[in-house]
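Working through the structure, step by step
Okay, here's what each chain looks like letter by letter:
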Amino acid sequence: MNYKKIALIGLGYVGLPLAVEFGKKREVIGFDINQGRINELKDGHDATLEITKKRA
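Now for a quick tour of the structure. (Residues numbered from 1 in each chain as written. Predicted model: local features only at pLDDT ≥ 70, side-chain atom pairs only at ≥ 80, totals over all residues. Heavy atoms only, no water.)

**What to know about the pattern of salt bridges**
Pairing between side chains of opposite charge can happen when the charged atoms of each approach one another. Put simply, the test is: Salt bridges are counted wherever a side-chain nitrogen of Lys or Arg sits within 4 Å of a carboxyl oxygen of Asp or Glu.
Inspection of every chain in the model, using the stated rule, returns 3 salt bridges. Across the salt bridge formed by Asp 46 and Arg 37, the nearest N and O atoms sit 3.0 Å from each other. It is possible to trace a salt-bridge network through shared partners that takes in Arg 37, Glu 40 and Asp 46.

Set out below in structure tokens:
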């Protein structure tokens with residue numbers, strides 16, 4: 001099967017958990033306009049506490 005990528009706009013309280021769950025089955029691209037948020041996520045930190053290291 002030829003699966004498409006999933007793109008999510010906004011990686012906050014709703015978008016980040018969705019990205020993690022979809023990422024378990026498909027390739028996901030996340031977009032957020034807050035560069036600080038992006039840098040935080042790249043460093044493995046989630047200030048919203050929506051995702052734990054165990055869940056990710």
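**So, the pairing of strand 1 (residues 6–9)**
Taken residue by residue, a regular strand's side chains alternate between the two faces of the sheet. Note the cut-off: Only protein chains enter the accessibility calculation, which uses a 1.4 Å probe; a residue whose area is less than 20% of its type maximum is buried, one above 50% is exposed, and one in between is partly exposed. A run of DSSP states H or I qualifies as a helix once it reaches four residues; a run of E qualifies as a strand once it reaches two. Both are numbered from the N-terminal end. Here, a strand pair is defined by DSSP locating no fewer than two bridges between the strands. Classification remark: right-handed applies to a crossover when, strands pointing away from the viewer, the course from the first strand over the helix to the second runs clockwise.
Only one face of strand 1 is covered, namely the face carrying Ile 6 and Leu 8; the face carrying Ala 7 and Ile 9 is uncovered. With 4 bridges connecting them, strand 1 and strand 2 (residues 28–31) associate as parallel partners. Note that in strand 2 the partner of Ile 9 across the bridge is Phe 31. As a crossover connection, the stretch from strand 1 through helix 1 (residues 15–23) into strand 2 is right-handed.

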